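Structural characterization, general
Read off the chains here:
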Amino acid sequence: MRQQVAVAAKVFIQRDYTNGTMCQFQTKFPSDLETKIDKQQFEETIRTLNNLYAEAEKLSSQSFIEGCLACLTAYTVFLCMETHYEKVLKKIAKYIQEQNEKVYAPRGLLLTDPIERGLRVIEITIYEDRSFSR
Amino acid sequence: MKNCEYQQIDPRALSVSPQSAQNHADKKLQRPRRKWQVFPGKNRFFCDGRLILARQNGILPLTLGLIIVTSGLFFAFDCPFLVTHLTVFIPVIGGVLFMFVVASLLRTSFTDPGILPRATADEAADIERQIDTSGSSTYRPPPRTKEILINQQVVKLKYCFTCKMFRPPRTSHCSLCDNCVERFDHHCPWVGNCVGKRNYRYFYSFIISLSFLTSFIFGCVITHITLRSQAGKNIVQAIQESPASVVELVICFFSIWSILGLSGFHTYLVASNLTTNEDIKGSWSSKRGAEESGNPYSYNNIITNCCVTLCGPMPPSLIDRRGFLPPDEVISVAAASEVELPPFIPKSEANMCTQSTKDALERMLHSTDLHGLCPSGTPKTTPMVLEVLSAPETKELSLSSGCSHQLARQAVVDPCPPFSKNNRRDSLHSINPAFRLASPSPTLSRSVLVLGEGPDIVFSPQQH
């Protein structure tokens, strides 16, 4: 059950509801990460994620047309086509994976895709630095 | 209601060969499980997790039945007459409306309304840390709220004790389904599901199309009877010739009032971007005179509000019903879910019960440092622990609860406090095989177990 590396702590970035129920995360830099990662880098990641989620939920003409088409075809069109939201979620998953590989894993951190936590939190796992422990 | 049938586990068998039991447990869990099989809410799943329904869906067959019967009578008895006397488009329109109504209804019933998955143990612990609990000894701490600003308006977020998280705005916990649902509108018994963010548009299209259908059938039946009675006969004779029409008339007449009223009400809600929940509670109307200016979610434009609610992007289901459980989480989830949560799946319940009890017993066997009562690790379980600990001292010990007293002495929270009346369940009895039970009681359903493992999995008594 325990992975090869020990989990030292988990930090949770909560949702930011100041603009309503849209999916946005707080950009406040948590104190636990101060020694691990640059504040700018962290805020950049969160801001990009926020922009991606805003794009997914944006009420654009494209989403409107998609909604109307779906209604007219009794929603059977989604058997062949992905919704706009799902397409953006895939983009987000790719972005998170890329960030993990380039930025977070070298620092002993791991970002969990918020969709796996019901879009409630961004979970950042801090792994123990084994070379210095015990 | 489904009940989990626990198999009796002979504690002596376990003590003899814990190793083989462990291997057996491992082998059994090789088969990957889907997440819907361990879903904690009161829902039913069909088609291997593709379709979701509330457990209490008693009236959905009635709704479907009424619609199908009324439409069937219409097509069988009224349409032939109307086709010959009026136009062939009448059954065509009726058919299209009927298909649309049934499709919307099924869509509303079987779609995930926007259920929020419950917080993981780590998240819940993190939230607890942020809230100052100061080790209170009351059974349940006062309801926790958090105030936030949305569009310059103060909104209170409540903490959900079941889902262990602060509910996002407009989210409400449905007690019938035991889930937090986003943009919770109401739980509709006619549809057999909650109506929330993801299926509100289907619900709306259902009631609108049903209004059209009932009005259409009503109008056609009136026309039918009028035409018959005009051809030289009186009304009574006309009715005698087509008795089914009267049935349809009665059903449609009573439905129209309620359905049209409901459609009108929901059109108003859609136009002002409110939910039934908010409207009933008067969340925004008490602030100022006009609801639109009080509602922080409204765009103050009817068209925009309608578009956002009905034609907005379709959010995905957050509960990932068909995903596979990662193998290392299966043990903990299976163990936690079976004892803590109400039974919810038709398949492999017995397997899970046996497995989870075996796993739980395994853990107790192997954990020598008993973190069971560690207050620092599990502040949230303090009320449960206190409740259980007081029980063995005060209540009479029977054979069935013999373990509780002895185990309490061992500073391990016992699994079988003697208070319950559910007689369909067997529960864990001996954690330590040193305590031989003569005859495990079949009547205990509540159990509290705190496992001495890192993740601090907590079993809590059922809330019924």
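Residues numbered from 1 in each chain as written. Chains lettered and ligands numbered in written order. Predicted model: local features only at pLDDT ≥ 70, side-chain atom pairs only at ≥ 80, totals over all residues. Heavy atoms only, no water.

Some remarks on the overall build of chain B
For chain B, the helix and strand inventory stands at 15 helices and 10 strands. A burial count over chain B gives 52% of its 464 residues as buried. Of the contacts made within chain B by residues no fewer than 6 positions apart, 67% connect residues no fewer than 24 positions apart. With the model as given, the accessible surface of chain B reaches about 21,100 Å², and the carbon-plus-sulfur share is 61%. (Helix = DSSP H or I, 4+ residues; strand = E, 2+ residues; numbered from the N terminus. Buried < 20%, exposed > 50% of the residue type's maximum accessible area, 1.4 Å probe, protein only. Contact = heavy atoms within 4.5 Å. Areas by Shrake-Rupley, 256 points an atom, 1.4 Å probe, with all protein chains shown as cover.)

Brief notes about the overall build of chain A
In terms of helices and strands, chain A carries 3 helices and 3 strands. Listing the helices and strands of chain A from first to last along the sequence gives β-α-α-α-β-β. The buried share among the 134 residues of chain A stands at 44%.

A few points about the layout of surface pockets
If you add up the space inside the second largest pocket, you get close to 820 Å³. The wall of the second largest pocket is formed by 37 residues, among which Thr21(A), Met22(A), Asn273(B), Tyr299(B) and Val308(B) lie closest to the centre. Mapped onto the lining of the second largest pocket, the elements with two or more residues apiece are helix H1 (39-57) of chain A together with helix H6 (200-230) and helix H11 (302-311) of chain B. Split by residue class, the lining of the second largest pocket holds 14 nonpolar, 14 polar and 9 charged. Built from parts of two domains, the lining of the second largest pocket gets at least three residues from each of domain 1 (42-116 + 178-311) and domain 2 (121-167) of chain B. (1 Å grid on protein atoms, 1.4 Å probe; cavity = no way out; pocket = protein on both sides within 12 Å on 5 of 7 lines; lining within 4 Å. Points joined across faces, edges and corners; volume = space filled by probe spheres on them. Nonpolar A, V, L, I, M, F, W, Y, C, P; charged D, E, K, R; others polar. Domains from an automatic or database assignment.)

With respect to the environment of Ala124(B)
Residue and element names in this part refer to chain B. Here Ala124 shows up in helix H5 (residues 121-130). The class for Ala124 is buried, based on a relative accessible area of 3%. Separated by 42 residues in the primary sequence, Ala124 and Phe166 place their C-alpha atoms 9.7 Å from one another. Other than its neighbours up to four places away in sequence, Ala124 contacts Ala119 and Lys164.

Description of the interface of chain A and chain B
Each side of the interface is counted separately: chain A has 29 residues, and chain B has 36 residues. Both faces combined, the contact of chain A with chain B buries some 2,800 Å², and carbon together with sulfur accounts for 65% of it. At the boundary of chain A with chain B, the tally comes to 2 salt bridges. A salt bridge links Lys10(A) to Asp122(B), with the shortest nitrogen-to-oxygen separation between them at 2.8 Å. For the interface between chain A and chain B, the tally reads 4 residue pairs in polar contact (both at pLDDT 80 or more). Among the secondary structure elements, those contributing two or more residues to the side of chain A that touches chain B are strand E1 (7-13), H1, helix H2 (61-72) and helix H3 (84-104) of chain A. (Buried area = accessible area lost by both parts, 1.4 Å probe. Salt bridge = Lys/Arg side-chain N within 4 Å of Asp/Glu carboxyl O. Polar contact = N/O pair within 3.5 Å; in protein donor to acceptor, adjacent residues only side chain to side chain.)

So, the UniProt feature "transmembrane region" (unreviewed entry) in chain B
This chain's UniProt record puts "transmembrane region" (unreviewed entry) on residues 59-77, 83-106 and 202-227 of chain B. When the span residues 83-106 of chain B is considered, its composition is 88% helix and 0% strand, and the gap between its end C-alpha atoms is 30 Å. (UniProt positions renumbered as here; feature names shortened; annotations may be inferred.)

Quick word on the nonpolar core
Counting 42 residues, the largest nonpolar core has Ile67(B), Phe74(B), Phe203(B), Phe206(B), Leu210(B) and Leu213(B) as its most contacted members. Within the residue set of this core, elements represented by two or more residues are helix H3 (60-85), helix H4 (89-110), strand E4 (145-150), strand E5 (153-160), H6 and helix H8 (243-271) of chain B. By residue number, the principal contributor to this core is H6(B), which donates 12 residues. Residue assignment places this core across two domains, with domain 1 (42-116 + 178-311) and domain 2 (121-167) of chain B each supplying three or more. Not counting chain neighbours up to four residues away, the residues in contact with Leu210(B) comprise Ile67(B), Val101(B) and Ile259(B). In terms of nonpolar packing, the next biggest core, distinct from the first, is built from 38 residues, Ile13(A), Phe29(A), Ile46(A) and Ala56(A) among them. (Core = buried A, V, L, I, M, F, W, Y, C linked by side-chain atoms within 4.5 Å.)

A few points about the sheet that holds strand E7 (residues 172-174) of chain B
All names here are of chain B. If you trace the 3 strands from one edge of the open sheet to the other, you get E3-E8-E7, paired in antiparallel fashion. Each having just a single partner strand, strand E3 (115-116) and E7 make up the two edges of the open sheet. Pairing analysis gives 2 bridges linking E3 to strand E8 (residues 179-181), with the strands arranged antiparallel. Paired with Leu116 across the two strands is Cys180, which belongs to E8. (Pairing = 2+ DSSP bridges.)

Digging into H11(B)
Given 3.6 residues per helical turn, the α-helix brings residues three or four places apart onto the same face. Buried within H11(B) we find Asn305(B), Cys307(B), Thr309(B) and Cys311(B). Those residues of H11(B) hidden inside the fold are in contact with H2 of chain A together with H6 and H8 of chain B. The backbone nitrogen of Ile303(B) has a side-chain oxygen 3.1 Å away, supplied by the residue at the start of H11(B), namely Asn301(B).

Here we look at the packing of H6(B) against H8(B)
Residue and element names in this part refer to chain B. Two elements in contact, H6 and H8, have axes separated by 8 Å at closest approach and are oriented at 145°. Considering the relative orientation of H6 and H8, their crossing is left-handed. Along the lines of polarity and charge, the residues of the contact of H6 with H8 split into 20 nonpolar, 9 polar and 1 charged. (Axes fitted to C-alpha atoms, helices over the stretch in contact; angles between N-to-C directions. Left-handed = near helix turned anticlockwise from the far one by under 90°.)

Some thoughts on the packing of H3(B) against H8(B)
The packing of two helices is summarised by the inter-axis angle and the distance between the axes. Residue and element names in this part refer to chain B. Interhelical geometry of H3 versus H8 gives an angle of 140° and a closest axis separation of 9 Å. In this structure, the crossing between H3 and H8 has a hand that is left-handed. Contacts between H3 and H8 pair Leu66, Thr70, Leu73, Phe74, Phe77 and Asp78 from the former with Ala244, Ser245, Val247, Glu248, Ile251 and Cys252 from the latter. Taken together, the residues of the contact of H3 with H8 sort by class into 8 nonpolar, 2 polar and 2 charged.

A short note on the pattern of salt bridges
Think of it this way: side chains of opposite charge can pair up when their charged atoms draw near. Under the defined criterion, the tally for this structure stands at 12 salt bridges over all chains. Close ionic contact of Glu182(B) with Lys197(B) constitutes a salt bridge, the shortest N to O distance being 3.5 Å. Of this pair, Glu182(B) sits in the loop between E8 and strand E9 (186-188) while Lys197(B) is found in the loop between strand E10 (193-195) and H6, placing the two residues 15 residues apart along the sequence. The network of salt bridges with common partners includes Lys10(A), Arg117(A), Glu123(A) and Asp122(B).

Section: the sheet that holds strand E6 (residues 165-166) of chain B
All names here are of chain B. Strand order in this open sheet of 3 strands is E4-E5-E6, and the pairing throughout is antiparallel. A strand with exactly one partner marks an edge of an open sheet, and here the two such strands are E4 and E6. In terms of strand pairing, E4 meets E5 through 6 bridges, oriented antiparallel. From the neighbouring strand, Ile148 faces E5, where its bridge partner is Val155.

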